[in-house]
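Architecture at a glance
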Amino acid sequence: MTPKQPRTELDARYSSALNPSLGTKDVTATDWAETERRLRAAEIFWITTVRPDGRLHVTPLIAAWHEGALYFSTGPGEQKAKNLAGNPHCALTTGHNSLSEGLDIVIEGTAERVTDPARQDEAIAAFEAQYGDHITSPEGTFHGFGDGIRKGDGLLFAVTPGTAYGFGHDGRVFSHTRYTFQDLPDD
């Protein structure tokens, strides 16, 4: 499966390009390949789902980027699983908690439950590559993660981005990149 490449654009309204100062006039959009690299390196993500009454639910989790989708797992009784059963739209975020450096990333999409064993094994391998001993070592925080998914104790979801955002900050240089994966309707 070849992941879809997004349309990438700098949103100058929220970037240093709109208010240039020394060293900021040449701010550019963050390349999607760099954003993918950061997704593969991230350790903590935050997921936002919507409860049946419209209230938001936000919680941290681990996730793995693999072949154009962000994978995560949760227990069947967890609030996020209940929310996704009624409304699969969600957002996953990760980044660097600083104004002076980093790239904050937001992935918006629809969570799809993954039940195909071959696809589950691919996602589990991506988690093992990303989190290493946390998953593969008997002393690891998430040891048994893959077995839990295979047995159905953990539900595996994939979120293929519809839209993503990269908020870059490097000293006093800020960028806001929008990645659009879906065809937009004609105006």
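Everything below is about the structure printed above this text.
Residues numbered from 1 in each chain as written. Predicted model: local features only at pLDDT ≥ 70, side-chain atom pairs only at ≥ 80, totals over all residues. Heavy atoms only, no water.

Notes on the overall build of the chain
- If you tally the helices and strands in the chain, you get 5 helices and 9 strands.
- Of the regular secondary structure in the chain, the N- to C-terminal order runs β-α-β-β-β-β-α-β-β-α-α-α-β-β.
- Accessible surface, the chain as shown: approximately 10400 Å² in total, 51% of it carbon and sulfur. (Helix = DSSP H or I, 4+ residues; strand = E, 2+ residues; numbered from the N terminus. Areas by Shrake-Rupley, 256 points an atom, 1.4 Å probe, with all protein chains shown as cover.)

Here's the deal with the side chain of Ser-73
- Relative to the assigned elements, Ser-73 resides in strand S5 (residues 69–74).
- We classify Ser-73 as buried; its relative accessible area is 17%.
- Here the side chain of Ser-73 touches Leu-155 through a polar contact of 3.0 Å, landing on its backbone oxygen.
- Setting aside its immediate chain neighbours within four residues, Ser-73 contacts Lys-80, Phe-145, Ile-149, Gly-154, Leu-155 and Leu-156. (Buried < 20%, exposed > 50% of the residue type's maximum accessible area, 1.4 Å probe, protein only. Polar contact = N/O pair within 3.5 Å; in protein donor to acceptor, adjacent residues only side chain to side chain. Contact = heavy atoms within 4.5 Å.)

Describing a nonpolar patch on the surface
- On the surface, Ile-44, Trp-46, Leu-56 and Val-58 cluster together into a nonpolar patch covering about 400 Å² of accessible area.
- With respect to the helices and strands, the residue Val-58 is situated in strand S3 (residues 56–61).
- The class of Val-58 is partly exposed, set by a relative accessible area of 47%. (Patch = residues over 30% accessible without salt bridge, like charges linked within 9 Å, V, L, I, M, F, W, Y side chains within 5 Å. Salt bridge = Lys/Arg side-chain N within 4 Å of Asp/Glu carboxyl O.)

A word on the pattern of salt bridges
- One pass over the structure, following the stated rule, counts 8 salt bridges.
- Here Glu-9 and Arg-7 are joined by a salt bridge, their closest N and O atoms 3.9 Å apart.
- Arg-55 is the partner of Asp-53 in a salt bridge, and the nearest nitrogen-oxygen pair spans 2.8 Å.
- Classification of Arg-55 as partly exposed rests on a relative accessible area of 48%.

Considering the side chain of His-57
- Looking at the secondary structure, you find His-57 in strand S3.
- Given the relative accessible area of 14%, His-57 is considered buried.
- Filtering out sequence-adjacent residues up to four positions away, His-57 remains in contact with Ile-47, Thr-48, Thr-49, Arg-51, Gln-79, Lys-80 and Asn-83.

Observations concerning helix H3 (residues 117–131)
- Here H3 spans 21 Å end to end across 15 residues, near enough to the 21 Å set by a 1.5 Å rise per residue.
- Along H3, the positions that sit buried rather than exposed are Gln-120, Ala-123, Ile-124, Ala-126, Phe-127, Gln-130 and Tyr-131. Each buried residue of H3 lies within a common arc of 155 degrees when the element is viewed along its axis, so the set occupies one face. Exposed and oriented more than 90 degrees from the buried face of H3 are Pro-117 and Ala-129.
- Among the residues trailing H3, Gly-132 stands out with phi positive, at a value near 50 degrees. (Expected span 1.5 Å × (residues − 1). Arc of directions from axis to C-beta.)

Regarding the nonpolar core
- Within the largest apolar cluster, 39 residues are counted, with the highest numbers of intra-cluster contacts made by Trp-32, Phe-45, Tyr-71, Phe-72, Leu-92, Ile-107 and Phe-127.
- Here this core takes 6 residues from strand S8 (residues 155–170), the largest share from any one element.
- Here Ile-107 is in contact with Trp-32, Leu-39, Leu-70, Cys-90, Ala-91, Leu-92, Val-159, Pro-161, Thr-163 and Ala-164, once residues within four sequence places are set aside. (Core = buried A, V, L, I, M, F, W, Y, C linked by side-chain atoms within 4.5 Å.)

A short note on the environment of Ala-41
- As for its position among the elements, Ala-41 is in helix H1 (residues 32–41).
- Given a relative accessible area of 52%, Ala-41 falls into the exposed group.
- As a C-alpha pair, Ala-41 and Trp-65 span 24 residues in sequence and 9.0 Å in three-dimensional space.

What to know about the environment of Ala-29
- Looking at the secondary structure, you find Ala-29 in the loop between strand S1 (7–10) and H1.
- The exposure class of Ala-29 is partly exposed, given its relative accessible area of 28%.
- With 148 residues separating them along the chain, Ala-29 and Thr-177 place their C-alpha atoms 5.2 Å apart.
- Beyond its immediate stretch of four places on either side in the chain, Ala-29 contacts Thr-8, Glu-9, Leu-10 and Thr-177.

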